[in-house]
Amino acid sequence: MAVSTGRTLAEALAEGPVLLDGGLSNQLEAQGCDLSDALWSARLLADAPEQIEAAHLAYLRSGAQVLITASYQATFEGFGRHGIGPERTGALLARSVELARRAAGAARRADPGREVWVAASVGPYGAMLADGSEYRGRYGLTVRELERFHRPRMAALAEAEPDVLALETVPDVDEAEAVVRVAEETGLPVWLSYSVAGGRTRAGQPLEEAFAVAAGREAVVAVGVNCCDPAEAEEAVRVAVAVTGKPAVVYPNSGEGWDAGGRGWTGRSTFDPGRVRAWTGAGARLVGGCCRVGPDRIKELAGLLER
């Protein structure tokens, strides 16, 4: 059964801002987990699921209302390269939803009136390659080929009945079209969020063109950006709302840069929770943080949204 009770996420967004969690990987690292493997946090679905549940609980304690599952980099192809077969992969994808559901259940037992939604993460094709391709896009694949890649894991995630599918960190319009088409087959609500740079998608397309993919798509309950520089967020939110008329989703990273070759972060954090007022003023209704934004920052956002 689906995780939340009462309002759907779309109903909640129509009434006001809803707070997302932050970066799962940085919280897992803070808990002492080794994420150097190509599977990244997805490896822990098999090796240390209790760590994933603990990370979800850390964000719930900070006020998060939506938990994003540890399935961003979990794919049949990626697990297959590590000797994990299709049946086991399907079970691990379902486990990602169950772990978030268990954490949400614990939060509701502590606070019976609390609303928590679980979003099953669907990362881009490039995340499976583990070479930074999700920050470039343009893989040389057609929309149909991308649909065939995404369909099996999206079906497995949908079967576990999350509240929503998070089609996130999408680098280009072709992949956005593919993931939205496949998501519509599941019957679940979805949000679509691009990774952007310089006011364009990572593949260089205008944001107006990118967000237009979501226009008129009933399944899409929010559209926007994630894993981008915080300075990019406000204008992207304005464009997303203007193009689609939908609530915007925004959860930038810390502002640091990812070095795919060195597999590490560079630069300094520029994430300012105070920006949330500008985001919501521009039409953002689903807000939070992505990579390197931890529970402390989410707690600050929670305090600001309550005012």
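The protein is annotated in an unreviewed UniProt entry as Homocysteine S-methyltransferase of Streptomyces microflavus.

Turning our eyes to something else, we now look at the overall build of the protein. In terms of helices and strands, the protein carries 13 helices and 12 strands. For the protein, the C-alpha radius of gyration of 17 Å lies close to 19 Å, the compact-globule estimate for 307 residues. Based on the C-alpha atoms only, the size of the protein along its principal axes is roughly 50 × 45 × 40 Å. Taken over 307 residues, the protein has a buried fraction of 58%. Long-range pairs, those at least 24 residues apart, make up 77% of the contacts in the protein between residues at least 6 apart in sequence. Accessible surface, the protein as shown: approximately 11,700 Å² in total, 47% of it carbon and sulfur. Separation of charge centres in the protein, based on 32 positive and 41 negative side chains, amounts to 2 Å.

This part takes up the sheet that holds strand 5 (residues 190-194). Read from one edge of the open sheet, eight strands run 1-12-9-8-5-4-3-2, paired in parallel fashion. At either end of the open sheet lies a strand with only one pairing partner, and these are strand 1 (18-19) and strand 2 (66-68). Across four bridges, the pairing between strand 4 (residues 164-170) and strand 5 is parallel. Within the sheet, the bridge partner assigned to V170 lies in strand 5 and is Y194.

Going through the model one piece at a time under the given rule, you end up with five aromatic pairs. A ring pair is formed by Y125 and Y139, whose centres lie 4.9 Å apart and whose planes are at 55 degrees; its orientation type is tilted. Residue Y125 is located in helix 7 (residues 125-129), and its partner Y139 is located in the loop between helix 7 and helix 8 (143-159); the two are separated by 14 residues in the primary sequence. Y139 gets classed as buried once you look at its relative accessible area, which sits at 19%. Between F271 and W279, the aromatic rings sit 6.2 Å apart at their centres with planes inclined by 70 degrees, giving edge-to-face as the arrangement. Cluster of aromatic residues (ring-pair linked, three or more members): Y125, Y139 and F149.

Okay, empty space enclosed by the protein next. Scanning the model with the defined rule gives one cavity of 30 Å³ or more in all. Taken as a whole, the largest cavity encloses approximately 420 Å³ of empty space. In this structure, the largest cavity is lined by 31 residues; those nearest its centre are S25, W40, Y72, C290 and C291. Listed by contribution, the elements that provide at least two residues to the lining of the largest cavity are helix 2 (24-30) and strand 4. Residue composition of the lining of the largest cavity, by class: 14 nonpolar, 12 polar and five charged.

Procedures and definitions
- Residues numbered from 1 in each chain as written.
- Predicted model: local features only at pLDDT ≥ 70, side-chain atom pairs only at ≥ 80, totals over all residues.
- Heavy atoms only, no water.
- Helix = DSSP H or I, 4+ residues; strand = E, 2+ residues; numbered from the N terminus.
- Rg over C-alpha atoms; globule rule 2.2 N^0.38 Å.
- Buried < 20%, exposed > 50% of the residue type's maximum accessible area, 1.4 Å probe, protein only.
- Contact = heavy atoms within 4.5 Å.
- Areas by Shrake-Rupley, 256 points an atom, 1.4 Å probe, with all protein chains shown as cover.
- Lys, Arg positive; Asp, Glu negative; His and termini not counted.
- Charge placed at Lys NZ, Arg CZ, Asp CG, Glu CD.
- Pairing = 2+ DSSP bridges.
- Phe/Tyr/Trp six-rings, centres within 6.5 Å; stacked < 30°, edge-to-face > 60°.
- 1 Å grid on protein atoms, 1.4 Å probe; cavity = no way out; pocket = protein on both sides within 12 Å on 5 of 7 lines; lining within 4 Å.
- Points joined across faces, edges and corners; volume = space filled by probe spheres on them.
- Nonpolar A, V, L, I, M, F, W, Y, C, P; charged D, E, K, R; others polar.

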